[in-house]
Amino acid sequence: MEELGSMVVEKLKEVTKSAQQFADNLLRGSYNRNPIQILKSLQREAFSDIMKLRDRQEKVEKLMTMYKSSRGSPFQEAGTLVRGRVDVLAALFLIDDVDEQKYEAIQKTGIPTGIDAKLTFKARVGDKDALVAEFSANEKGRSDALGGPLSLSKVLCSAHICDWLSAIAIPLGAQCRDALSVKDSYQERGFTDYSGFGPPLLHQCNGSAVGITVTKSRLSASLAHFVSGLGIQISSAGICTGLAHTYSTFVELALLASGNTQLSVLCVNSQSRPSGQGVNLGTFALPVSIFKRNNLPEISSLAVGDDEDSPTSWERSISDRSVAILLNSEIDESRRIGGWIEMKNSDLHNLEGAFTLRDTPEDDLGWGLTVGGSLKELKNIERFQVEGFLNLNFHSRFKIQPAFLYVKDGSTQFPALMLRSSWDI
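Cut-offs and rules
- Residues numbered from 1 in each chain as written.
- Predicted model: local features only at pLDDT ≥ 70, side-chain atom pairs only at ≥ 80, totals over all residues.
- Heavy atoms only, no water.
- Helix = DSSP H or I, 4+ residues; strand = E, 2+ residues; numbered from the N terminus.
- Buried < 20%, exposed > 50% of the residue type's maximum accessible area, 1.4 Å probe, protein only.
- Contact = heavy atoms within 4.5 Å.
- Areas by Shrake-Rupley, 256 points an atom, 1.4 Å probe, with all protein chains shown as cover.
- Phe/Tyr/Trp six-rings, centres within 6.5 Å; stacked < 30°, edge-to-face > 60°.
- Salt bridge = Lys/Arg side-chain N within 4 Å of Asp/Glu carboxyl O.
- Pairing = 2+ DSSP bridges.

To continue, consider the overall build of the protein chain. Each helix and strand in the protein chain was counted, giving four helices and 17 strands. The buried share among the 425 residues of the protein chain stands at 28%. For the protein chain, the share of sequence-separated contacts (at least 6 apart) that also reach a separation of at least 24 residues comes to 53%. On the protein chain, roughly 27700 Å² of surface is accessible, and the fraction owed to carbon and sulfur atoms is 59%.

With that settled, the discussion passes to the packing of aromatic side chains. Scanning all chains against the criterion turns up four aromatic pairs. Centroid distance Phe 121 to Phe 135: 6.0 Å. Interplanar angle 85 degrees. Geometry classified as edge-to-face. Here Phe 121, found in strand β2 (residues 114-125), pairs with Phe 135, found in strand β3 (residues 129-138); they are 14 residues apart in sequence, far enough to count as distant. Classification of Phe 121 as partly exposed rests on a relative accessible area of 29%. When the centroid spacing of 5.7 Å and the interplanar angle of 45 degrees are considered together, the rings of Phe 191 and Phe 389 count as tilted. Here the residue Phe 191 occupies a position in the loop between β5 (165-172) and β6 (208-216), and Phe 389 occupies one in strand β15 (residues 380-395), the gap between them amounting to 198 residues. Considered together, Phe 191 and Phe 389 belong to a single accessibility category, that of buried residues.

Oppositely charged side chains can pair when the atoms bearing their charge come close. Applying the stated criterion to the full structure yields seven salt bridges. Across the pair Glu 58 and Arg 54 runs a salt bridge, and its minimum N-O distance is 3.7 Å. Remark: Arg 54 and Glu 58 occur in helix α2 (residues 35-69); sequence separation between them is four residues, near one turn of the helix. In this structure, the salt-bridge partner of Asp 424 is Arg 85, at a minimum N-O distance of 2.7 Å. With Asp 424 in strand β17 (residues 412-424) and Arg 85 in strand β1 (residues 81-93), this residue pair connects regions lying 339 residues apart in the sequence. Classification of Arg 85 as partly exposed rests on a relative accessible area of 29%.

Let's shift gears to the pairing of β17. Taken together, the nine bridges between β1 and β17 define a ladder with antiparallel strand orientation. Bridging across to β17, Val 86 finds its partner in Trp 423. Where strand β16 (residues 398-409) folds back on β17, the antiparallel hairpin that results is connected by two residues, among which Gly 410 adopts a positive phi of roughly 65 degrees.

This is the structure:
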């Protein structure tokens, strides 16, 4: 028994001694390990992770290449961009009894009061071509102050043919500003017709249009043709004298002077012609005579002695021409300065113009000032107005603009307070 006990004690001592030696070797190895070996180990692990990520990236790139090269709709390459905007504008005219003269002076300001909502869909076709559809709802021409339902107001197709040539086709809702070589500079909406960065002719010619733009270095030229319907012509006696269409040709010559300064010359030549005695051929249908020449005389106004109720006075074609010069400059991302002069029917006594200065940063208080008017004669100011506003950004998509307006139209003068809120969707 004593021998057995001594053997057990010796075995326990050996096990204890071997465990102590193993622990000592382990501790000496951890303290004496080379830091370079640790770095190499970490580098091998990082390299392995990077190779795994690279393999995954190559798989994703192969899937994207197969998706783009697959046949199907051209709209698969890019999603459709949707933008919305809601404007609410109210005006308070500080004026006494509103007679006919004061009413006409208010209408000439062109203040778009009420609610105006727009929803725009833009789909890319290929790399540089696009298809745009715009829906709008406003209360203009309606008794409902809250506006009407959304309706299709514009369809635009743009094609980039080559580096220096592009084309547009607008079946519905065409305006002269759609044919400009640089369109984004004139999209800002003002409180009146004078406060935008462009003359009123840019907002004319609602209808259908086709146009081309040629760009070379700092020069660009645009040519477009518009067709818009005036609807049924009815004399003061209530007699339907026929349907009329307006044919307009728009020309723009633009020069990018230096930096972000652009000088443009615009011209619009319009001519309205009757298309028959109450005959409507349908939408996008126009009669064109190729066998008989149209000998209708062109007039700019009714001749003296003609009865405006007679059908013959309505059957004559009416021509109108407007020429404008505008200069716009972007000082920086928020500050812009611009001015324009428009002359109608080549008459120096029929001039309109405005000068606008704006500073509207996205994250700070902004402001704007516009001075404009019209001349009846070179030395006689027929109309003069001053407009100023503040720009308050409460959010990246919501802003409020309080404004002040002073108008002097002949013997009529009045101030007005305006407030507009805009919400971008």
